[in-house]
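# Notes for the structure review
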Amino acid sequence: MHTANRPGADSARPAFVPGETIPYAGRVFTEDEVEAAVSSTLDFWLTLGPEGTAFEKELAGLLGVKHSLLVNSGSSANLVALSALTTHKLPAHKRIQPGDEVITVAAGFPTTVAPILQNGAIPVFIDNNPITGNVQVDQLEAAHSPGKTKAVMLAHALGNPFDIAAVLTFCRKYDLWLIEDNCDALGCTYTMPVEKARALGLDYLLRTAESGTHPLIQITHSAAGIPVLTAPTGAWGDISTQSFYPPHHLTMGEGGAVNIVSRAPLKSYAESFRDWGRDCWCASGIDNTCGKRFQWQLGELPEGYDHKYIYSHLGYNLKPLDPQAAIGRQQLKKLPAFIEARKQNWQYLRQGLEDLADFFDFSLPTHATAWVPGASTSASSFTWDDTSCRVDTSWFGFMLRVRPGAPFSHTELARHLNTHQIGNRMFFGGNLLKQPVFVQLRKDRPESFRVVGQMDGADAIMNQAVFLGTYPGLTQAMLDHEIAVLHSFTQQY
């Protein structure tokens, strides 16, 4: 029934026939996920329960963070993560309140930015680097407003980690929160010098690395002999988010997670906003975890009012279902293979399209200076800057930017690909400031957001970029067909 959803390298997957649709992304699963979903459904717990608890622990363990909290989507994860930092339980100088500012980037997916506005804060937009898709870190200082800036909220663009060292340095300088939108980047890693990590207060990562207990959080040495720390994206900021929508690195159908990196109290704040705003932290079906359910006195309620019905925030109900978590647990087991497939698919496309460099500009990982043709591994496929910082990218997509002097536009390219049943997407919302919602917001409430500098990079992404899939359901025959179609398209000119 579902053989077309098996991994691309699975021999049981049907052979690709040119002319069939090649999705840009999709669900990749086997009978393992189907059986797990059926089994959980037969238990008929349905709402988030034992499978969810197990998944949260396994995801937190994978990332090396204190806690992971399941929600019903990546967009909800971003909403809960930002909302958690608005709680009155934080010190006043750390609490994000209406009118405070949160720095973000112009080009990306709208739900990285929407929670800032939905909580009454002011997004401050800076530009993207069109080569990496990520934030132009040299604009961070210009975006800072003393006494108003409270946080930085950024996504790792198409799975390419942003310059974590530079962003964290800025956040530490001004005591700002860092919210990592890790929805496109599960399984990617970032590396920085140990000396830099100590200066940034990343003791929790260094302790884990020194213990030798985590497969992804490690201290090694760079080519220059410098000790360096490597850890997954999503484990560097204060709070991070995941999406488990089908195009992402693993799927639960719908679903997402909020990761509490090192500050344990943030878990109860995030959990409250996820679960109706309640003050109680008991899981569904469990009572009196605190041992004093009828001994609390909060707000102006009478002493002894049932703690399960005390609300400290204006929250939501954003939990997924337990059968979804059961699917996610099976996907977690396959994540290493999925990660490697994305890397290999990106490299295969890059190699196959190298001779079209007159028409296209290609992406580079953050800190890379050039791509190396014919390299044997993803790590040796690039030359790097002199910061000793590196990224290992499990790409969400393969971005092509049509050169300004090319004889066709990115829209004409997208139409051609679509005609040949090759899935492709623009870089999400492009320059979000050009979207109808922000054009209208500028008219209705011009004070509701702020723009720093020119958005040349975001405009270049909006006007030139298209991305193809790298997901692990792609076969070599599919990739060969995509490469052939792109060559035939450019040969017309």
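Further up the page is the structure itself.
Cut-off values and rules
- Residues numbered from 1 in each chain as written.
- Predicted model: local features only at pLDDT ≥ 70, side-chain atom pairs only at ≥ 80, totals over all residues.
- Heavy atoms only, no water.
- 1 Å grid on protein atoms, 1.4 Å probe; cavity = no way out; pocket = protein on both sides within 12 Å on 5 of 7 lines; lining within 4 Å.
- Points joined across faces, edges and corners; volume = space filled by probe spheres on them.
- Nonpolar A, V, L, I, M, F, W, Y, C, P; charged D, E, K, R; others polar.
- Helix = DSSP H or I, 4+ residues; strand = E, 2+ residues; numbered from the N terminus.
- Buried < 20%, exposed > 50% of the residue type's maximum accessible area, 1.4 Å probe, protein only.
- Contact = heavy atoms within 4.5 Å.
- Core = buried A, V, L, I, M, F, W, Y, C linked by side-chain atoms within 4.5 Å.
- Phe/Tyr/Trp six-rings, centres within 6.5 Å; stacked < 30°, edge-to-face > 60°.
- Lys NZ or Arg CZ within 6 Å of the ring centre and 35° of its normal.

Any empty space left between the atoms is revealed when a probe the size of a water molecule rolls over them. All told, the structure shown has 2 cavities of 30 Å³ or more when counted by the stated rule. In this structure, the largest cavity spans a volume of roughly 50 Å³. Forming the walls of the largest cavity are 14 residues, and the residues nearest its centre are Gly26, Val28, Pro246, His248 and His249. Roughly 40 Å³ of volume is contained in the second largest cavity. Together, Thr132, Gly133, Ala157, Leu158, Ser363, Trp395, Gly397, Met399 and Phe427 line the second largest cavity. Considering only residue class, the lining of the second largest cavity consists of 5 nonpolar, 4 polar and no charged.

Here we take up the environment of Gly256. Counting through the fold element by element, Gly256 comes out in strand 10 (residues 256–260). For Gly256, a relative accessible area of 0% puts it in the buried group. Put simply, Gly256 and Ala406 are 150 residues apart on the chain and 39 Å apart in space, counted from C-alpha to C-alpha. When sequence neighbours within four positions are dropped, the list of residues in contact with Gly256 reads Leu69, Leu70, Val71, Asn72, Ser73, Gly74, Gln242, Ser243 and Phe244.

By size, the foremost hydrophobic cluster in this structure holds 89 residues, and its most contacted members are Met192, Trp236 and Phe360. In terms of residues, this core owes the most to one element, helix 10 (residues 322–352), which gives 7 residues. If we ignore the near neighbours within four places in the chain, the residues touching Phe360 are Leu400, Arg401, Val402, Arg403, Phe408, Leu413, Leu486 and Thr490. Formed by 25 residues, the second largest nonpolar core is a distinct cluster that contains Val71, Trp177, Ile179 and Leu318.

With that settled, the discussion passes to the packing of aromatic side chains. Following the criterion strictly, the structure yields 23 aromatic pairs and no others. Plain terms: the ring middles of Phe382 and Trp384 are 5.9 Å apart, the flat faces sit at 65° to each other, and that makes the pair edge-to-face. Exposure class is identical for Phe382 and Trp384. Each is buried. Following the ring pairs from residue to residue traces out a cluster consisting of Tyr24, Phe109, Phe396, Phe427, Phe428 and Phe467. Lys94 extends its terminal NZ or CZ atom over the ring of Trp177, reaching a point 4.3 Å from the ring centre. Sitting over the face of the ring of Trp296, Lys292 holds its NZ or CZ atom 4.3 Å from the ring centroid.

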